[in-house]
Amino acid sequence: MSRADVAIFVSPGHIMRNGNIGNCYVLYKLLTCELGIPCRFLGLEDGFAELDVECAAIPVTRAVASVEFYNQFTHVLFGSTLPSDAAHITALRNSRAVVIAYMTGMQATFHVEAFTFDTHTTPCDSIWLSDKLAEVVCDEAWLIKSYSHILPYVQSVLGRVPVRTVPHVWDPFTIAGRGLEFESADLNPDSLTVVILEPNVNVTKSAWPALVACEQLLRNLQADKCVDKLAGVHVFNCDSQKRRDLASVTHLFAAGKLSVYGRYTFVDIMRHMYSLGHTVVVLSSAARNPVNYLYFELMHLNVPLVHDTALAWGYPYPEFDTQRAAQQIEFAWRTHASGARLHRKVGAELLARHLISSPDIRCEYAGLFSTSTAACTPTTSCTPTPACTPTPACTPTPACTPTPACTPTPSYTPTPACTDSVTQVTGLDMLD
């Protein structure tokens, strides 16, 4: 590259609890570790303090919003809210850097919710204003291919700014070496735990449809006289008010089967779930988000996933078909051990397409960041630079005592399976 390097700006937060920051950090790893492109991972606030893997500010020389500052970089990517003050806008527009809006979220849904609802837990109006600001500030917008179906919508919003789709890249750095190795022997045929991990940030990433499916699962197990085999349903990313709301309307809570938690990292959650000694089945309801880091992490660990997307892995069900979802939970519970090797093989093949070490991924991004789009051809492997030094593991939080498992009923006869195509923290606190 002809000038210094690339800058990726994000809003400070925990890298393993924020998908936008995670996407940006994996892109940072791709550039620095695989392509050898100098890159800085920076925060929008606090004078552009550089960020480490946990997105905590590292003291660096404070920079002002100036043309000279942005001219250090060939490309400047904003992975979250764009700076809106006049000094930044002027500096960006007058710099030589290519300014890119890097979109890793469901912008269309955010905008619709901002227009429809008077109040919302997500600052959707800020996202809309930021996207409109991109039309003024940015030279390009990159939309990850997970959301390619909203490409025409984003093009209409951004107007003059060219929008292109770019590969969704992934790296297992958040879970590798953290004691989450999963084997089929970890599946317990006499005890089932269902885990729901939807972030509950918008209507397309809500735990509610999955929770209704678990209500159906409870009825099915009651009818088969084996409800004791359901150790529990664990719903994450809920606040206290949501817990009270759920508790007042679900049969799961009345039966003592529902546990509701706040926000934890995937590693924290899965390690705790494994410690309970039950078969863990993850249930998802994110039909319009078929490629996401949660699914990649589950594939990497080969954890049974019941989902309503077009992902060619796991145990699918049609969107809002909560009865089918309940059947698939039982099917995954009873059969995943026997098909674990095949599931692992298929999952590895799918993941290989998104890894930062993939030759096709490296070559496409090399072209995007080069003055020549012919940096390399998809069939030719780029030479990787030496691997980055692994980042330190998260500091464990204190464990809490897990709730005791239900006593299994030994006399249970499995119901016929439905036809199907083919995560060191050890405790979590439930909300009061």
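Everything quoted here is computed from the prediction, not taken from an experiment. (Residues numbered from 1 in each chain as written. Predicted model: local features only at pLDDT ≥ 70, side-chain atom pairs only at ≥ 80, totals over all residues. Heavy atoms only, no water.)

S.K.: Kindly report on helix 3 (residues 86-94), identifying the contributing residues and their values.
M.R.: Taken together, the buried positions of helix 3 are occupied by H88, I89, A91 and L92. In a view along the axis of helix 3, the buried residues occupy a sector of 165°, so they form one face of it. The exposed set on the far side of helix 3, more than 90 degrees from its buried face, consists of A86, R93 and N94. (Buried < 20%, exposed > 50% of the residue type's maximum accessible area, 1.4 Å probe, protein only. Helix = DSSP H or I, 4+ residues; strand = E, 2+ residues; numbered from the N terminus. Arc of directions from axis to C-beta.)

S.K.: Just give me the short version of the nonpolar core, but keep the residues and values in it.
M.R.: By size, the foremost hydrophobic cluster in this structure holds 92 residues, and its most contacted members are I8, L77, Y102, W142, L158, Y365 and F369. Leave out the neighbours within four places in its chain, and L158 touches M103, D131, A134, E135, A141 and V163. Counting 31 residues, the second largest nonpolar core, distinct from the first, contains L258, A325, A326 and F331. (Core = buried A, V, L, I, M, F, W, Y, C linked by side-chain atoms within 4.5 Å. Contact = heavy atoms within 4.5 Å.)

S.K.: Describe the packing of aromatic side chains, naming the residues involved and giving the relevant values.
M.R.: Within the structure shown, the criterion is met by 15 aromatic pairs. Ring centres of W142 and F369 lie 5.2 Å apart, and the angle between their planes is 80°; on these two criteria the pair is classed as edge-to-face. Here W142 is found in strand 7 (residues 140-144), whereas its partner F369 is found in the segment after helix 14 (359-368), with 227 residues between them in sequence. The class of F369 is buried, set by a relative accessible area of 1%. Summarising the aromatic geometry, the rings of F236 and Y261 are spaced 4.4 Å apart at their centres and angled 10° between planes, so their arrangement reads as stacked. Highlighted residues: F236 in the loop between strand 10 (230-235) and helix 8 (240-249) and Y261 in the loop between strand 11 (258-260) and helix 10 (266-275), separated in sequence by 25 residues. Both residues of the pair, F236 and Y261, belong to the buried class. Chaining the aromatic ring pairs together yields one cluster made of F9, F69, Y70, F73 and F78. Its end group placed over the ring of W333, R334 keeps NZ or CZ at 3.8 Å from the ring centre. (Phe/Tyr/Trp six-rings, centres within 6.5 Å; stacked < 30°, edge-to-face > 60°. Lys NZ or Arg CZ within 6 Å of the ring centre and 35° of its normal.)

S.K.: Can you tell me about the sheet that holds strand 13 (residues 305-307), naming the residues and giving the values?
M.R.: Read across the sheet, 6 strands follow the order 11-10-9-12-13-14 without closing on themselves; strand pairing throughout is parallel. Either end of the sheet is taken by a strand with one partner, and the two such strands are strand 11 and strand 14 (315-316). Summarising the sheet, strand 9 (residues 192-196) and strand 12 (residues 279-283) pair through 5 bridges and their orientation is parallel. Within strand 12, the residue paired with V194 across the bridge is V281. Strands in contact with helix 7 (residues 208-223) are strand 9, strand 10, strand 11 and strand 12; relative to strand 9, the strand with the most contacts, it is inclined by about 165°. (Pairing = 2+ DSSP bridges. Axes fitted to C-alpha atoms, helices over the stretch in contact; angles between N-to-C directions.)

S.K.: Account for the pairing of strand 6 (residues 98-103), with residues named and values stated.
M.R.: Most of strand 6 sits out of view: 5 of its 6 residues are buried. Pairing analysis gives 4 bridges linking strand 5 (residues 73-78) to strand 6, with the strands arranged parallel. Paired with V76 across the strands is V99, a residue of strand 6. As judged from the 4 bridges shared by strand 6 and strand 7, these two strands associate in the parallel manner. Bridge assignment links I100 to a residue of strand 7, and that residue is E140.

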